[in-house]
Structure formats: structure tokens, C-alpha cells
Number of protein chains: 2
Amino acid sequence: MIAKLITEIKKKNAPIVVGLDPQLGFLPKKLMKAAVKEYGESLEAVAAAVFDFNKAIIDATYDLIPAVKPQIAMYEQFGVSGLVAFHETVEYAKSKGLIVIGDIKRGDIGSTSGAYAIGHIGTVQVGNKNFCPFDEDMVTVNPYLGSDGVKPFIDVCNQNDRGIFVLVKTSNPSSGEFQDQKVDGRPLYELVGEKVAEWGESSMDGDYSNVGAVVGATYPEQGRILRKLMPKTYILVPGYGAQGGQGKDLVDFFNEDGLGAIVNSSRGIIAAHTKSEYAKFGEEHFAEASRQAVEDMLADIRGALEAK
Amino acid sequence: MIAKLITEIKKKNAPIVVGLDPQLGFLPKKLMKAAVKEYGESLEAVAAAVFDFNKAIIDATYDLIPAVKPQIAMYEQFGVSGLVAFHETVEYAKSKGLIVIGDIKRGDIGSTSGAYAIGHIGTVQVGNKNFCPFDEDMVTVNPYLGSDGVKPFIDVCNQNDRGIFVLVKTSNPSSGEFQDQKVDGRPLYELVGEKVAEWGESSMDGDYSNVGAVVGATYPEQGRILRKLMPKTYILVPGYGAQGGQGKDLVDFFNEDGLGAIVNSSRGIIAAHTKSEYAKFGEEHFAEASRQAVEDMLADIRGALEAK
């Protein structure tokens with residue numbers, strides 16, 4: 001799957017992913033109003049508005065980008081209805097040729113991680129029929145439980161040509177509380193990074209592994225070190241834009257081949273219409289605002305990579 | 001919420017929780033057959049069979065136990081249909097007076113953890129109406145992202161009188177890979193345990209905090225140390241039975257007041273009908289087998305606590 005992602009990144013000259021993380025606070029009023037008219041004041045209405053919102057963003061940006069990353073929490077907060085919208089979003093994005101990275105950050109003991117892997121990137125057999133329940137292409141995984149919480153995901157990647165990104169150094173302010181603790185003089189995230197590289201050896205797909213890593217844009221120095229520690233590991237880089245990262249901070253997340261990283265922006269793209277620099281679009285034209293924000297992000301990152 | 005859980009534990013003299021972790025491999029054939037007859041070979045059929053299974057287990061055991069712990073991965077593996085069964089299970093268990101611990105192990109950056117907290121133990125407002133999407137009483141939380149990934153859960157606990165259990169030392173064989181790494185001479189799980197105790201101070205509910213911890217039954221020595229390090233923290237103890245833990249190994253997870261721990265068994269109870277010692281019940285009487293397994297577990301743990 002990582003080979004397929006790389007092909008799409010090269011074709012579109014776009015090492016970026018759009019985070020589909022809808023929030024009630026910035027869903028255009030028109031979409032909510034239409035959904036409430038159809039479904040009443042209900043979680044079904046929110047879910048319908050969320051899907052309509054995502055569909056418009058996808059329609060406005062799919063030719064520019066290789067992938068989208070729906071954050072499942074933003075759907076799960078609306079219960080079963082929200083997860084219907086999540087699933088519809090995955091299906092719609094795939095129908096437009098996009099690779100879907102489910103940002104699920106799951107991780108548990110072995111048999112339980114196996115169940116998550118089946119639900120998100122695997123297959124369930126019922127009688128004589130097979131089903132792919134959520135059917136993402138790639139998912140994010142939490143490493144706190146160690147190898148036997150991660151390997152069931154890798155097994156499913158190898159069976160179904162899918163991929164994962166394991167949390168190594170996250171983008172949030174308190175990520176250092178445990179991740180930066182020194183173990184024999186080195187931060188824990190380096191140990192996790194080494195494990196990710198080791199796990200990845202069993203799932204190579206061309207020059208890179210289907211087992212990637214998550215390293216936040218907000219920690220460029222750590223990104224530089226981890227890049228060298230995990231040379232065949234693709235890095236998913238959240239934290240661009242709204243969380244503070246910029247193109248020039250991100251060049252060291254990439255390898256010399258110009259590959260090795262894919263940068264995510266969520267609110268910076270999908271809530272562009274709420275920001276002063278895109279105010280001219282107005283809420284009505286939120287999807288066009290998101291397209292402009294993608295073009296601006298691409299110019300920033302392409303420029304930074306060329307200047308490297 | 002922890003005060004309510006303690007009241008129920010005392011009333012039933014039962015510091016245990018039954019893990020509702022259904023798997024296709026041990027769902028009674030009769031239930032699957034009936035569901036397939038109604039819904040065809042489909043994920044809807046599996047979900048219907050899963051709910052019927054859980055309902056029978058709850059009906060057979062609810063008078064003996066204070067709480068159930070559905071592991072959401074076992075539902076998520078069946079997609080949206082599975083999550084419908086999860087939600088129905090939560091609602092049914094609560095209708096029988098049980099406290100529901102959603103074993104979700106979520107954790108993310110602040111705003112995203114906030115969304116998970118809303119979806120599982122919080123409230124969403126849509127227009128003039130309020131909804132509690134999954135409506136568990138307590139959930140498990142992953143600490144890898146540090147304080148700002150955990151605090152949004154605590155905020156919702158404080159608003160809605162709910163509770164969480166934060167992963168400290170998990171029950172699986174490879175849990176030591178990162179959790180046991182030495183930081184200034186002490187294992188990482190002790191640092192996490194100290195943080196859990198600190199976080200818990202802002203959410204006291206009687207003698208204990210609504211912020212609990214998860215420590216695996218398979219690591220009794222670590223349980224003993226963590227018990228002393230987090231005196232006001234309730235410990236959820238998975239790994240009893242199928243994973244190898246026994247009552248005599250667990251006494252040091254409890255405080256001198258006889259409280260402070262609640263022991264989970266999943267497959268040991270709900271798949272009792274597949275084990276040789278309960279073979280006399282037969283698959284037909286799986287629920288009676290689960291009741292007998294609960295009684296045996298209670299005898300083991302009560303005996304161990306009395307002998308302490």
C-alpha cells in the first residue's frame with residue numbers, strides 16, 4: 001500500500017494529506033439547516049451534514065491530493081450515526097481515487113488489536129460471504145502495549161496490502177511527558193522509532209515499508225533524528241497549520257529522494273472559510289476556500305523542499 | 001461514579017466485572033443460525049447474534065456482579081452494525097442496574113480526546129436537544145500522549161459524574177517493551193502511575209478518585225508496588241482466567257479496606273461453555289455456564305481476600 005501512496009504522491013507532486021476532522025463549530029449553517037429539516041434535531045442530522053461537508057471538500061480537492069485522513073473521534077463523538085458518516089466518507093473518498101488513512105490510534109492486547117485490524121483494514125467472513133467493515137487503506141496505531149499490540153495490524157497489512165502509521169512522537173504540547181523520558185540516556189520515542197523500523201522489515205513494499213510512523217510537525221528537531229533512525233519508514237506528519245508547523249520546519253522529515261514523509265493539515269484546510277485570509281470566500285463557498293488552502297499548503301511545502 | 005461502583009461492589013460482595021468480548025469463534029451456533037435466518041449472511045446478522053448472546057449472559061449474571069466491560073474492538077470488527085450491538089449492549093446492561101465500563105483505550109491530542117470523551121461519556125447538543133451518544137459510565141484511556149490527551153476525559157468525568165481507567169501496566173506479554181523501560185532507575189509504568197494519582201486529585205468521589213488505572217493481573221508484583229504508589233486510585237485488573245491470573249495473585253491489588261481493585265474476566269466467563277470444566281452445560285446452556293463461572297470466580301477471589 002505504501003508503494004501505491006508514493007505513486008499518487010509523485011503523480012500529484014503533493015506529499016500532503018487532508019484531515020477530514022469535522023466539528024460542529026465550523027460546519028456551515030446551511031448544511032446543518034438542511035439536515036435538521038430532513039432528520040430533525042438529531043445525531044442523524046449531524047451525521048448527514050458531516051457527510052455532505054466532507055463530500056464537498058473531497059469534490060473540491062481530490063485532483064490535487066493523494067489521500068485524506070478522517071479522524072474517527074470526530075465521528076465517534078456523534079455515536080453510531082457519526083460512524084455511518086465515517087464509513088460513507090471512506091467509501092466516497094475511495095470512489096474518487098483517494099487513499100484513506102483512518103486516524104484511529106487503536107492499540108490493545110494481541111487478540112483485541114487483531115479485532116481492530118479486521119474491522120478497519122481487514123476482512124470478516126460470515127458464512128460464505130466476506131465483508132470489509134470500515135475498509136480504510138491505512139490506519140494509525142498506538143504502541144504503548146508493545147509488539148503484541150502492533151503485530152496483528154502488520155499481519156493484516158501483509159494479507160491485504162494495507163498500511164499503518166505507529167505513533168512515535170506526537171504533535172501535542174504534552175507529548176514529551178512520557179515520550180521524551182530518557183531511557184539509557186535516549187528519549188523513549190527513539191526506542192519506539194527503532195521498534196517501528198524493526199517491525200517494518202517484515203512488511204516492505206518497494207523502497208519503503210507498509211509500517212510507517214507518526215511524528216508531529218511541531219517537533220522538527222526530533223523529526224530530523226527519527227528520519228535517520230528509520231530510513232525506510234514513511235512518516236505521517238500531523239500538526240501543520242493550525243497546530244503551528246510550517247513548510248520550512250518540515251524539510252528534514254523527508255529523505256534525500258524527496259520522499260519519506262506526508263504532511264497532514266486538518267482544520268487549516270477544512271475550516272479555511274473561518275480564517276481571515278480566506279474570508280473572501282464566505283461560508284457559502286467553504287469548499288473553494290479549502291481548495292485554495294490546499295494550493296497554498298502545496299506551494300509552501302513544494303517551495304521548502306526545492307530550497308532544501 | 002467510582003462511589004457508585006464501590007456501593008455496588010459492596011452490595012454484591014463482588015469486586016469483579018464481566019468482560020463482554022464476543023467472538024465469532026464461540027458464539028453459539030443456534031444464535032448465529034437464527035440471526036442469519038432473519039438478516040441473511042451479513043454483518044447485521046452477526047451483530048444481532050452478538051447482542052442476543054450478551055443479553056443472555058447479562059440476564060444470567062446481573063444479580064451477582066456490579067459491572068460489565070464490553071471491549072469495543074470486538075464490536076468495531078463488525079463495522080457499524082457491530083457498534084449498534086455495542087450501544088444496545090450498553091443500554092441493556094444499564095437497564096439491569098449494571099455499571100458499564102467501555103473498554104475503548106482511546107487517547108489522542110487534546111481536542112480529539114475531547115471528542116472521544118463526548119462520544120462515550122459525555123453529551124452532544126444539537127439545536128435544543130441533548131444526546132449521550134454511547135453513554136458508558138466509565139471508559140479506559142491510553143496515556144501515551146500525556147496530560148493533554150487525558151485531561152479532556154477528566155473534564156467530562158467531572159461534568160457528568162463518570163469515570164476513567166488509564167492504562168498503566170497492561171496484562172499482555174510484551175507490555176514491558178516500553179512500559180518497563182527504566183527512567184532514572186524506575187520503570188516508566190511507575191511514572192505513569194504517579195501521573196494517574198496526580199490527575200485523580202481533581203476528580204475525587206468519596207475515598208477514591210474517578211480517575212482509575214489499569215494494571216494487569218499477570219503482573220502481581222507490579223500491582224503491589226502500584227497499589228502503594230496510587231492509594232486513592234481504583235485499579236481495573238484484566239488478565240484473570242484466560243490470560244493466566246488467579247485470585248491468590250491478586251490480593252495485593254487491593255487496599256487494607258478490602259477495596260481499590262476490580263478484577264475483570266472475559267473469555268473465562270462468557271466462553272465458559274467451551275471449556276472442559278463447564279462442558280456439562282453444553283453450548284445450549286452457555287448462559288448458565290457463564291453464571292457458574294462467575295460464581296467460581298467470586299469464590300476464588302473472596303477466598304483469597306479472606307485469607308489475606
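The text that follows walks through the structure, step by step, so that each part is easy to find. (Residues numbered from 1 in each chain as written. Chains lettered and ligands numbered in written order. Predicted model: local features only at pLDDT ≥ 70, side-chain atom pairs only at ≥ 80, totals over all residues. Heavy atoms only, no water.)

A look at the packing of aromatic side chains
Residues and elements named next belong to chain A.
Moving on, step 1. Taken as a whole and judged by the stated rule, the model has 14 aromatic pairs over all chains.
Moving on, step 2. Ring centres 5.1 Å apart and planes at 20 degrees place the aromatic pair F53 and F286 in the stacked group. Pair noted here: F53 is in helix α3 (residues 43-61) and F286 is in helix α12 (residues 286-306), with a separation of 233 residues, a long-range link.
Moving on, step 3. Overall, the relative accessible area of 8% leaves F286 in the buried class. (Phe/Tyr/Trp six-rings, centres within 6.5 Å; stacked < 30°, edge-to-face > 60°. Helix = DSSP H or I, 4+ residues; strand = E, 2+ residues; numbered from the N terminus. Buried < 20%, exposed > 50% of the residue type's maximum accessible area, 1.4 Å probe, protein only.)

So, the pairing of strand β12 (residues 211-215) of chain B
Where a strand is regular, its side chains alternate between the two sheet faces.
Residues and elements named next belong to chain B.
Moving on, step 1. Most of β12 is tucked away, with five of its five residues classed as buried.
Moving on, step 2. The sheet contact formed by strand β7 (residues 163-169) and β12 spans five bridges and is parallel. Bridge assignment links K169 to a residue of β12, and that residue is V215.
Moving on, step 3. As paired elements, β12 and strand β13 (residues 235-237) share two bridges and run parallel to each other. Each bridged residue has a counterpart across the sheet, and for V214 the counterpart in β13 is L236.
Moving on, step 4. The handedness of the β12 to β13 crossover, carried by helix α10 (residues 220-229), is right-handed. (Pairing = 2+ DSSP bridges. Right-handed = clockwise from strand over helix to strand, strands pointing away.)

Here we look at helix α5 (residues 79-95) of chain B
Moving on, step 1. Between its first and last C-alpha, α5 of chain B extends 25 Å over 17 residues, near the 24 Å set by a 1.5 Å rise per residue.
Moving on, step 2. Burial within α5 of chain B is extensive, with twelve of its 17 residues counted as buried.
Moving on, step 3. Those residues of α5 of chain B not exposed but buried are G79, V80, S81, G82, L83, A85, F86, H87, T89, V90, Y92 and A93 of chain B.
Moving on, step 4. Where α5 of chain B is buried, its residues meet α5 (79-95) of chain A together with β1 (16-20), α3 (43-61), β2 (67-70), α4 (73-76) and β3 (99-106) of chain B.
Moving on, step 5. Downstream of α5 of chain B by one or two residues, G97 of chain B has phi in the positive range, about 85 degrees. (Expected span 1.5 Å × (residues − 1). Contact = heavy atoms within 4.5 Å.)

Overview of the interface of chain A and chain B
Moving on, step 1. Counting from both sides, the interface comprises 71 residues of chain A and, opposite them, 71 residues of chain B.
Moving on, step 2. Where chain A abuts chain B, roughly 5600 Å² becomes buried across the two surfaces, and 63% of that area is made up of carbon and sulfur atoms.
Moving on, step 3. Summed over the three residues of chain A that lose the most area to chain B, namely E41, Y144 and F178 of chain A, the buried surface amounts to 16% of that side.
Moving on, step 4. Inspection of the region where chain A meets chain B yields four salt bridges.
Moving on, step 5. The tally of links between chain A and chain B comes to 29 residue pairs in polar contact (both at pLDDT 80 or more).
Moving on, step 6. With seven residues, the top contributor of residues to the side of chain A that touches chain B is helix α6 (residues 110-121) of chain A.
Moving on, step 7. Each residue belonging to the side of chain A that touches chain B can be placed in one class, and the counts come to 33 nonpolar, 25 polar and 13 charged. (Buried area = accessible area lost by both parts, 1.4 Å probe. Salt bridge = Lys/Arg side-chain N within 4 Å of Asp/Glu carboxyl O. Polar contact = N/O pair within 3.5 Å; in protein donor to acceptor, adjacent residues only side chain to side chain. Nonpolar A, V, L, I, M, F, W, Y, C, P; charged D, E, K, R; others polar.)

Details of the relation of the copies chain A and chain B
Moving on, step 1. The transform that puts chain A on chain B rotates by 180 degrees and translates by 0.0 Å along the axis, for an RMSD of 0.0 Å. Both copies of the chain, as the preceding transformation shows, are related through a two-fold rotation axis. Among all residues of chain A, the minimum C-alpha distance to the rotation axis is found for V183 of chain A, at 2.7 Å.
Moving on, step 2. A shared binding surface is used by both copies, with 100% of the interface residues of chain A retained as interface residues in chain B. (Least-squares fit on C-alpha atoms with pLDDT ≥ 70 in both.)

Observations regarding the sheet that holds β2 of chain B
By definition, the strands of a sheet pair up through backbone hydrogen bonds, in either a parallel or an antiparallel sense.
All names here are of chain B.
Moving on, step 1. The strand order around the closed barrel built from eight strands is β1-β2-β3-β6-β7-β12-β13-β14, with neighbouring strands paired in parallel fashion. Ignoring which end each strand starts from, the neighbouring axes of this sheet average 30 degrees apart.
Moving on, step 2. Bridge count for β3 against strand β6 (residues 138-141) is three bridges, and the pairing is parallel. If you follow R106 over to β6, its bridge partner there is V141.
Moving on, step 3. Against the sheet, helix α9 (residues 188-200) engages β7 and β12, with an angle of about 160 degrees to β7.
Moving on, step 4. Against the sheet, α10 touches β7, β12 and β13, its axis set at about 130 degrees to β7. (Axes fitted to C-alpha atoms, helices over the stretch in contact; angles between N-to-C directions.)

Brief notes about the sheet that holds strand β13 (residues 235-237) of chain A
All names here are of chain A.
Moving on, step 1. With parallel pairing, eight strands are arranged side by side around a closed barrel as β1-β2-β3-β6-β7-β12-β13-β14. Pairwise comparison of adjacent strand axes, ignoring direction, gives a mean angle of 30 degrees for this sheet.
Moving on, step 2. Pairing of strand β2 (residues 67-70) with strand β3 (residues 99-106), which is carried by two bridges, proceeds in the parallel orientation. Paired with A67 across the two strands is I99, which belongs to β3.
Moving on, step 3. Contacts from α12 reach β1 (16-20) and β14 (261-265), with the element oriented near 145 degrees to β1.

Observations concerning the pattern of salt bridges
Moving on, step 1. Within this structure, the stated rule accounts for 42 salt bridges over all chains.
Moving on, step 2. D108 of chain A is paired through a salt bridge with K105 of chain B; the nearest N and O atoms lie 2.9 Å apart. One end of the pair, D108 of chain A, is in the loop between β3 and α6; the other, K105 of chain B, is in strand β3, on a second chain. Here D108 of chain A matches K105 of chain B in class, with each residue buried.
Moving on, step 3. Residue E198 of chain A is joined to K195 of chain A by a salt bridge in which the shortest nitrogen-to-oxygen separation is 3.5 Å. Of the two residues, E198 of chain A and K195 of chain A are both situated in helix α9 (residues 188-200); the distance of three residues between them amounts to about one turn of the helix.
Moving on, step 4. Under the relative-accessibility criterion, E198 of chain A is labelled partly exposed at 44%.
Moving on, step 5. Three or more residues joined by partner-sharing salt bridges are found here, namely K69, D103 and K105 of chain A together with D108 of chain B.

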